[in-house]
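Chain and residue survey
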There are 2 protein chains.
Amino acid sequence: MNVTRKNKKQVPEPTLRRLPGYLFFLEKVREQGVMNISAPTIGKELKCDPTQVVKDLAVTGVKGKPRVGYNTYELCHSLEEFLGFNHLNEAFLVGAGNLGTALMAYQEQQTLGIKIIAAFDVDESKIGKHIGNTPVLEYNKLFHLSNRLDVEIAILTTPNNVAQEVAEDLVNCGVKAIWNFTLSILDLPENIIVQNTSMSSFAAVLLQRLNDSKK
Amino acid sequence: MNVTRKNKKQVPEPTLRRLPGYLFFLEKVREQGVMNISAPTIGKELKCDPTQVVKDLAVTGVKGKPRVGYNTYELCHSLEEFLGFNHLNEAFLVGAGNLGTALMAYQEQQTLGIKIIAAFDVDESKIGKHIGNTPVLEYNKLFHLSNRLDVEIAILTTPNNVAQEVAEDLVNCGVKAIWNFTLSILDLPENIIVQNTSMSSFAAVLLQRLNDSKK
């Protein structure tokens, strides 16, 4: 059941992206009282080849048994553990606009694996309020708060034109990984992990696939 | 300057995802009055190898000139055209919660290439209101409205447990492409394009990269 470090390093991104989907489905199945589930059954639900299912789930270290399948409880537990969703991965969020607000609401409804402990903004009408359970603080308080807390993850939902500046501040505050929702390409030290999630990029892919389908 | 159909079909997804970033940067440069720009300059800003820049931008049909580079105006125009961002790609949105609201606000601030013309929800406190310029309508009106309008794109930001049902309704309403923000794996006819953009998946990738970096 232990995940070896070697295993973890080799997990390809497409597999990683699929894992929360498995977890979501398996949690639902577990709630329904299903004790065991086979790879073909999982594959059918998730529209994924059973061979791929076996390969994907192997990263958790859990193996299915012939004619029985996977133990649902064991698999859920291992997926949560592997994804780090059972840990409290604390994060700051900068930019409590619409997208920031959506993400704060999202994390309270869904298993995001990340707990936003404070949001920062420069807009005085937002400062001092709570979004869900998350307080919105004055941006300058970031420096003070990061001294006291050891937060390694930051979510960047600022306007594009201040993204670089804010990202540099975050790095100076000890942040190691930035989830960047802006269109800015961040120029940061190489050891900083940047995950770009620009909505425009996904829209571009969708539009292109739609156009291609018409040919 | 014309994009051949053949060319379009062969564009790999990573390139497609980068194109809005190029466009965003080039629009900024164009505003500053820069007439020409070289691939190495673009690459430096976007932290991308110049060879990759040349390859990526080649999909638009625009070629740089030796010692001069690309014409900024021509390149912006061609990128917009290629991405379909100069067209009005009308879309419905179902689920005017936080994420739906964020996307509606987002499209008014940024080049998303998609114009949400109406949002639908079952929550009476939302129905009849506007989010930005977008009206929120009663969910049942979807069927009536889709008869009158030829909308091919839908954004799905409902709770997970109703996603499949709503997606089926959308397909029955003539929608050809669904941008799915839920964790549900949608089971739809094969000709329907589904773009899955689950926040949990991106969080999983970020957390894994952060953990890997600590080894």
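Procedures and definitions
Residues numbered from 1 in each chain as written. Chains lettered and ligands numbered in written order. Predicted model: local features only at pLDDT ≥ 70, side-chain atom pairs only at ≥ 80, totals over all residues. Heavy atoms only, no water. Helix = DSSP H or I, 4+ residues; strand = E, 2+ residues; numbered from the N terminus. Contact = heavy atoms within 4.5 Å. Areas by Shrake-Rupley, 256 points an atom, 1.4 Å probe, with all protein chains shown as cover. Lys, Arg positive; Asp, Glu negative; His and termini not counted. Charge placed at Lys NZ, Arg CZ, Asp CG, Glu CD. Axes fitted to C-alpha atoms, helices over the stretch in contact; angles between N-to-C directions. Parallel < 35°, antiparallel > 145°, perpendicular 65-115°, else oblique. Nonpolar A, V, L, I, M, F, W, Y, C, P; charged D, E, K, R; others polar. Least-squares fit on C-alpha atoms with pLDDT ≥ 70 in both. pLDDT = per-residue confidence, 0-100.

1. Description of the overall build of chain A
Check the secondary structure of chain A and you find nine helices and nine strands. By principal-axis analysis of the C-alpha atoms, chain A measures approximately 60 × 50 × 35 Å. Sequence-distant contacts, at least 24 apart, represent 55% of the contacts inside chain A between residues at least 6 apart. Here chain A has roughly 10,300 Å² of accessible surface; of this, 49% comes from carbon and sulfur atoms. In chain A, which carries 23 positive and 23 negative side-chain charges, the distance between the mean positions of the two groups comes to 10 Å.

2. Considering the packing of helix 2 (residues 13–31) of chain A against helix 3 (residues 39–46) of chain A
All names here are of chain A. Where helix 2 contacts helix 3, the axes come no closer than 11 Å and their chain directions differ by 105°. Between helix 2 and helix 3, the angle falls in the class roughly perpendicular. In this structure, helix 2 contributes Gly21, Tyr22, Phe25 and Leu26 to the contact, and helix 3 contributes Ile42, Glu45 and Leu46. Tallied by class, the residues present in the contact of helix 2 with helix 3 amount to five nonpolar, one polar and one charged.

3. Details of unusual backbone geometry
Although it is not a glycine, Lys47 of chain A sits at a positive phi angle of roughly 50°. Relative to the assigned elements, Lys47 of chain A resides in the loop between helix 3 and helix 4 (50–58).

4. Side note on the relation of the copies chain B and chain A
Mapping between the two copies of the chain is achieved by a rotation about an axis and a shift along the axis. Least-squares fitting of chain B to chain A yields an RMSD of 0.0 Å, with the superposition described by an axial translation of 0.0 Å and a rotation of 180°. Both copies are brought into coincidence by an operation consistent with a two-fold rotation axis. Closest to the rotation axis within chain B is the C-alpha of Ala102 of chain B, separated from it by 3.1 Å. The residues that chain B uses at the interface reappear at the interface of chain A in 100% of cases, marking a shared surface.

5. Details of the confidence of the model for chain A
For chain A, mean pLDDT is 87; residues scoring 70 or higher make up 93% of the total. The ipTM for the predicted assembly is 0.77, set against a pTM of 0.74.

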